[in-house]
There are 2 protein chains.
Amino acid sequence: MTAKKIRTAISPTREENFSDWYQAVIKGAEMAENSVVRGCMVIRPWGFGLWENIQKVLDKRIKATGHENAYFPLLIPKSFFQKEADHIEGFATECAVVTHTRLENQDGTLVPAGKLEEEYIIRPTSEMIIGESFSKWVQSYRDLPLKINQWANVMRWEMRTRMFLRTSEFLWQEGHTAHETEKEAREETETMLQEYKKFLESYLAMPVLEGEKTPEERFPGGDNTYSVEVMMQDKKALQAGTSHYLGQNFSKSLDITFQTRDEKEEFAYTTSWGVSTRLIGGLIMTHSDDDGLVLPPKIAPKHIVIMPFLSKKIATQKLTQPY
Amino acid sequence: MTAKKIRTAISPTREENFSDWYQAVIKGAEMAENSVVRGCMVIRPWGFGLWENIQKVLDKRIKATGHENAYFPLLIPKSFFQKEADHIEGFATECAVVTHTRLENQDGTLVPAGKLEEEYIIRPTSEMIIGESFSKWVQSYRDLPLKINQWANVMRWEMRTRMFLRTSEFLWQEGHTAHETEKEAREETETMLQEYKKFLESYLAMPVLEGEKTPEERFPGGDNTYSVEVMMQDKKALQAGTSHYLGQNFSKSLDITFQTRDEKEEFAYTTSWGVSTRLIGGLIMTHSDDDGLVLPPKIAPKHIVIMPFLSKKIATQKLTQPY
């Protein structure tokens, strides 16, 4: 990756067509490209290096705030969605459905075989599959708070995709926590929102406005959704991360109960929060210009030093003079 | 996680039933558990901490040997497998097949809808989808060698599963490289095999024997498969990592061609190599005993110090004496 490749005049300019300029910057810097899989991208080394840097810094903060990483299955049984569909309005259904477990060679053509009795869905988010484990791990107030994070790929069958900003498959971290009281769960929701704000401001050098989303934009099944919104150069806001207070809704549908200090049975209060590879799209739209990719120094995978070549006379004149 | 939880007498012992002992160690140390998804496991924080440590150390070595990380789609179009099925004997077909893109609510029941024209397969390994990108990125000998690594989840519909050792979904790293000459590609295959050996011996403290697999055990489509085999306490060998010299086979089926130094068109020589969460199973079977989990110090996520409580008299007597 040479500086030349990254910084060459981009056509069109931001002024002419912001959306096409954005795609051209990504192409010019070889950060990512569309793949043969509909709506999915290939994240090339330069783009992936940014994600690795984001992961490294954010993972430290997630651990410093008392969370542990774990890994849960990619596939979710259909019955889990049925549960959610029953009690959550506005339930999203665009998703990748696994129906077969084999490819069979029939007269030279591969056809799906081994039909599943119950279909699986590729996780669009993991509240349900992680909640299922929580329901086993949480018995008493002594098991709380339970604070888990997962770095993973997720998939939503998106109709209109844009690299990094909205792709069918994307990479993210998803935090999932369970608490003894509403107060504690609300504090967790706020803590992680503030962590995102600090990270975006101090590390990615983005201008952040945080606040609560309207009921229409709320995470389905949650009580409150908060987000960090970032101002892009086209004067539009980009939702860069969300933190959800889920109340007892998921606990009730997944049976996450615990014995309280006074020996009663209660449903845990849960939260979830996440940021994704969309941050890379936000980085580009915040900092880049009509000559291509510009990155804040802390996140850049490689730093470039500009070496001026001067004639000998000028060089000795200028460079030996004190500043 | 307390030491007590990890180190309590395991029933049965290794002598009595090695396989049941293995499962009991994992359960006792809360490393992983079976999930509601057939053949998939939940990797709990203690187990995942081991994987994070493996990743950290191995990722440094992968980069130090000139590779860059990237990320490719989870799904692979069926036609790619058709290509492989046409020219590779022993082609494996147990895999998760995505056939629909929506769940539709029909009279209160969710049914798969939005049938795909061409089905997708969840990657069992990424030679084909990464090779597809390579065919675009490689034009001239100047683009070679191309040395890429991916940390990812993969899926194979396994009939008999054992936690960490063989699960339908597992985590791994897969290196994929393309070279100008057979010699260079063979050197790469050997270099990464030796990297695995060094890593297993010096970091995981495992006894390693490396060598070539028989033609029957070879990676389908490869010319040579080499592996690092590790001796377990039941005197059985565990395949802990593989490195494949793929010759020009994948280049030919995926059209990875380049212009040579004397301006001819040639197919690139490719390799691939990987280790997975299976290493955690190997760690357990190498080091643990009838009291539970034992880990070599470099890989352990948490270290335990044993504090002897001695009577004052003995303490001053013993501890002030020189060794």
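What this report covers is the structure whose coordinates are included nearby.

The rules behind these values
Residues numbered from 1 in each chain as written. Chains lettered and ligands numbered in written order. Predicted model: local features only at pLDDT ≥ 70, side-chain atom pairs only at ≥ 80, totals over all residues. Heavy atoms only, no water. Helix = DSSP H or I, 4+ residues; strand = E, 2+ residues; numbered from the N terminus. Contact = heavy atoms within 4.5 Å. 1 Å grid on protein atoms, 1.4 Å probe; cavity = no way out; pocket = protein on both sides within 12 Å on 5 of 7 lines; lining within 4 Å. Points joined across faces, edges and corners; volume = space filled by probe spheres on them. Nonpolar A, V, L, I, M, F, W, Y, C, P; charged D, E, K, R; others polar. Buried area = accessible area lost by both parts, 1.4 Å probe. Salt bridge = Lys/Arg side-chain N within 4 Å of Asp/Glu carboxyl O. Polar contact = N/O pair within 3.5 Å; in protein donor to acceptor, adjacent residues only side chain to side chain. Pairing = 2+ DSSP bridges. Axes fitted to C-alpha atoms, helices over the stretch in contact; angles between N-to-C directions. Buried < 20%, exposed > 50% of the residue type's maximum accessible area, 1.4 Å probe, protein only. Expected span 1.5 Å × (residues − 1). Least-squares fit on C-alpha atoms with pLDDT ≥ 70 in both. Parallel < 35°, antiparallel > 145°, perpendicular 65-115°, else oblique. Left-handed = near helix turned anticlockwise from the far one by under 90°. Core = buried A, V, L, I, M, F, W, Y, C linked by side-chain atoms within 4.5 Å. Phe/Tyr/Trp six-rings, centres within 6.5 Å; stacked < 30°, edge-to-face > 60°. Lys NZ or Arg CZ within 6 Å of the ring centre and 35° of its normal.

### A word on the overall build of chain A
- Across its full length, chain A carries 9 helices and 14 strands.
- Of the contacts made within chain A by residues no fewer than 6 positions apart, 68% connect residues no fewer than 24 positions apart.

### Points about the layout of surface pockets
Residue and element names in this part refer to chain B.
- Computed from the structure, the second largest pocket encloses a volume of approximately 1,400 Å³.
- For the lining of the second largest pocket, the secondary structure elements donating two or more residues are α4 (78-87), β5 (94-106), α5 (127-137), β8 (169-179), β11 (237-247) and β14 (269-276).
- Top element by residues in the lining of the second largest pocket is β11. It accounts for 6 residues.
- Here the residues of the lining of the second largest pocket sort into 19 nonpolar, 16 polar and 14 charged.

### Quick notes on the interface of chain B and chain A
- Each partner contributes residues to the interface: chain B has 65 residues there, and chain A has 65 residues.
- When the two sides are added together, the surface that chain B and chain A hide from each other amounts to roughly 5,300 Å², 61% of it contributed by carbon and sulfur.
- Linking chain B to chain A there are 4 salt bridges.
- Two residues, E52 of chain B and K63 of chain A, come together in a salt bridge whose shortest N-O distance is 2.9 Å.
- In this structure, the connection of chain B to chain A is made through 34 residue pairs in polar contact (both at pLDDT 80 or more).

### Here we look at the pattern of salt bridges
All names here are of chain A.
- Within the structure shown, the criterion is met by 37 salt bridges over all chains.
- Salt-bridge contacts for E188 lead to K147; the nearest nitrogen and oxygen are separated by 3.7 Å. In this pair, E188 is assigned in helix α6 (residues 182-202) and K147 in strand β7 (residues 146-155), connecting sequence segments 41 residues apart.

### Looking at the sheet that holds strand β7 (residues 146-155) of chain B
All names here are of chain B.
- Strand order in the open sheet formed by 7 strands is β3-β7-β8-β14-β11-β10-β9, and the pairing between neighbours is mixed. Both edges of this open sheet fall to β3 (68-69) and β9 (208-212), since each of them pairs with a single strand only.
- Two elements, β8 and β14, share 8 bridges in a ladder whose sense is antiparallel. The residue bridging G175 from the neighbouring strand is W273, located in β14.
- Strand contacts of helix α3 (residues 45-64): β3, β7, β8 and β14, with the helix running at about 165 degrees to β7, the strand carrying the most contacts.

### Digging into the environment of F258 of chain A
Residue and element names in this part refer to chain A.
- By secondary structure assignment, the location of F258 is in strand β12 (residues 257-259).
- Overall, the relative accessible area of 1% leaves F258 in the buried class.
- Sequence separation of F258 and S135 is 123 residues, and the distance between their C-alpha atoms is 8.9 Å.
- Sequence-distant contacts of F258, that is, excluding residues within four places in its chain, are made with V138, Q139, S140, Y141, L144, H179, E180, K264, E265, E266, F267 and A268.

### Looking at the sheet that holds strand β10 (residues 224-231) of chain A
Residues and elements named next belong to chain A.
- Judged by pairing direction, the sheet is mixed, and its 7 strands sit side by side in the order β3-β7-β8-β14-β11-β10-β9 without closing on themselves. The open sheet is flanked by β3 (68-69) and β9 (208-212), the only strands paired with a single partner.
- Sheet analysis places strand β11 (residues 237-247) next to strand β14 (residues 269-276), joined by 5 bridges and oriented antiparallel. Within the sheet, the bridge partner assigned to T242 lies in β14 and is G274.

### What to know about helix α6 (residues 182-203) of chain B
Residue and element names in this part refer to chain B.
- The terminal C-alpha atoms of α6, which comprises 22 residues, lie 31 Å apart, in line with the 32 Å expected from a rise of 1.5 Å per residue.
- Within α6, the full set of buried residues consists of A185, E188, T189, M192, L193, E195, Y196, K197, F199, L200 and Y203.
- Trailing α6 by a residue or two, A205 shows a phi angle of about 55 degrees, which is positive.

### Re the pairing of strand β6 (residues 109-122) of chain A
Residue and element names in this part refer to chain A.
- Sheet topology places strand β4 (residues 75-77) next to β6; 3 bridges connect them, and they run antiparallel. Its bridge partner being in β6, I76 is matched across the sheet by I121.
- Two elements, strand β5 (residues 94-106) and β6, share 8 bridges in a ladder whose sense is antiparallel. By the bridge assignment for β6, E104 is matched with V111.
- What sits between β5 and β6 in their antiparallel hairpin is a turn of 2 residues, with D107 showing a positive phi close to 50 degrees.

### Side note on the relation of the copies chain B and chain A
- Rotating chain B by 180 degrees and translating it 0.0 Å along the rotation axis places it on chain A, where the RMSD comes to 0.0 Å. In symmetry terms, the pair is related by a two-fold rotation axis. Residues of chain B ranked by C-alpha distance from the rotation axis are headed by V98 of chain B, positioned 2.1 Å from it.
- Of the interface residues in chain B, 100% have counterparts in chain A that sit at the interface too, so the contact is made through matching surfaces.

### With respect to the packing of helix α2 (residues 18-28) of chain B against helix α8 (residues 278-287) of chain B
Residues and elements named next belong to chain B.
- For the pair α2 and α8, interaxial distance at closest approach is 11 Å and the crossing angle is 110 degrees. One finds that α2 runs roughly perpendicular with respect to α8. Between α2 and α8 the crossing geometry is right-handed. Contact with α2, carried on its side by F18, W21, Y22, V25 and I26, involves G281, I284 and M285 of α8 and no other residues of that element.
- A class-by-class count of the residues in the contact of α2 with α8 yields 7 nonpolar, 1 polar and no charged.

### A closer look at the nonpolar core
- Ranked by internal contacts, the top residues of the largest apolar core, which has 82 residues, are L75, V98 and I122 of chain A together with L75, V98 and I122 of chain B.
- Residues within four places of I122 of chain B in sequence aside, it is in contact with L74, L75, V98 and I122 of chain A together with L74, L75, A96, V98 and M155 of chain B.

### Overview of the packing of aromatic side chains
- Scanning the model with the defined rule gives 18 aromatic pairs over all chains in all.
- Where F18 of chain A meets W21 of chain A, the ring centres are 5.0 Å apart and the plane angle is 35 degrees; that geometry is what we call tilted. Within this pair, F18 of chain A and its partner W21 of chain A are both found in helix α2 (residues 18-28), separated by 3 residues, close to a single helical turn. Neither F18 of chain A nor W21 of chain A differs from the other in exposure class; each is buried.
- Taken together, the ring pairs connect F72, F134 and W137 of chain A into an aromatic cluster.
- In this structure, R186 of chain A is placed above the aromatic ring of Y245 of chain A, and the distance from its NZ or CZ to the ring centre is 4.0 Å.
- The positively charged end of K83 of chain B is found above the aromatic ring belonging to F80 of chain B, 4.6 Å away from the centroid.

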